[in-house]
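For reference, the chains in residue letters:
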Amino acid sequence: MTDWWDYHLIDFLLFSTRVYYRLFASFNLAFWPVNLVLYLAGAGVVVLVLRSGTGAGADRQRWLCRLVPVILALMWAWSGAVFMGYYYQPINWAVPYVLPLFGFETLMLAVFAVRKTPLQFCWRGDFSSMAGVALLVLAIPVYPFFSLFSGRDMMAAELFGSAPDPTMIGTLGLLLLARGTWRWILLPAPVLWCLITSLTLWAMDQDIAWLPLVAAWLAILGGWMDAKSGVTRKPVATPPGRLNSTHHQTDKVGFIE
């Protein structure tokens, strides 16, 4: 009989590295229109967030703070139901145990999209903002090219919005750009997935196994720094020229309760 300490992490994987990455090729080939639309929608939302500074107009902030969690909820639902549930589950016995993370995050994002005081997403110029932008750059323009760097076809690229890993990293990036109460509820699911996928990639001897760990660490550190400084509870500054025109909207947009 083999003792338990003789097992290695790779022994718990019932698939090879080649089979794992072929899932993405099959997924992208079958659903490329949806995956591409989600990818472009996510990139577009990030551009809008970065262009909407703390002095952005009230109307723009109002619809943007609703749009971001809606787009993220669609991404989590699609990635969880289609890729995880349909493609990944047949080869990984652990998938049923992590699918609730996707369901929980999708539900919470939907709640944040419709609640009375939604999150606000904008560049603040602090550590969390810089870390968030770094994660978004990693998740959107950089992550798909890891497929080429590893000698695989671009059809097997992991895209933000449909593939779990870049979607989790991008979600953490946007959450670091967010301000508002109860934001921490949205952090555990992507952080836990980053830990899980890092173990999986490490077991498959992938060079990028450390990247999700860095993303999780930055999210935790940024969240802790924001909580300590109270930045997410501070009122959003309004340019002097807009004080009169937006005074009646301040309670709805200018402050996070």
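Residues numbered from 1 in each chain as written. Predicted model: local features only at pLDDT ≥ 70, side-chain atom pairs only at ≥ 80, totals over all residues. Heavy atoms only, no water.

1. With respect to the confidence of the model for the protein
Summing up the model confidence of the protein, the mean pLDDT is 84 and the portion of residues at 70 or higher is 82%. Across the protein, element-level confidence peaks in helix H6 (residues 164-176) with a mean pLDDT of 96 and bottoms out in helix H10 (residues 250-254) with 40. Predicted confidence for residues 235-257 stays below pLDDT 50, and this span has 35 contacts to residues more than four positions away or in other chains. (pLDDT = per-residue confidence, 0-100. Helix = DSSP H or I, 4+ residues; strand = E, 2+ residues; numbered from the N terminus. Contact = heavy atoms within 4.5 Å.)

2. Some thoughts on unusual backbone geometry
Residues other than glycine seldom take positive phi values, yet Asp 205 does so here, at roughly 60°. Taking the relative accessible area as the measure of exposure, Asp 205 reaches 65% and is therefore exposed. (Buried < 20%, exposed > 50% of the residue type's maximum accessible area, 1.4 Å probe, protein only.)

3. Here we look at the pattern of salt bridges
As enumerated under the stated definition, the model contains three salt bridges in all. For Asp 126, the salt bridge goes to Arg 124, with nearest N and O atoms at 3.0 Å. With its nearest N and O atoms 3.2 Å apart, the salt bridge here joins Asp 226 to Arg 124. With a gap of 102 residues between them, Asp 226 in helix H8 (residues 210-229) and Arg 124 in the loop between strand E1 (120-121) and helix H4 (127-142) connect regions that are remote in the sequence. Under the relative-accessibility criterion, Asp 226 is labelled buried at 2%. With relative accessibility at 17%, the residue Arg 124 sits in the buried group. (Salt bridge = Lys/Arg side-chain N within 4 Å of Asp/Glu carboxyl O.)

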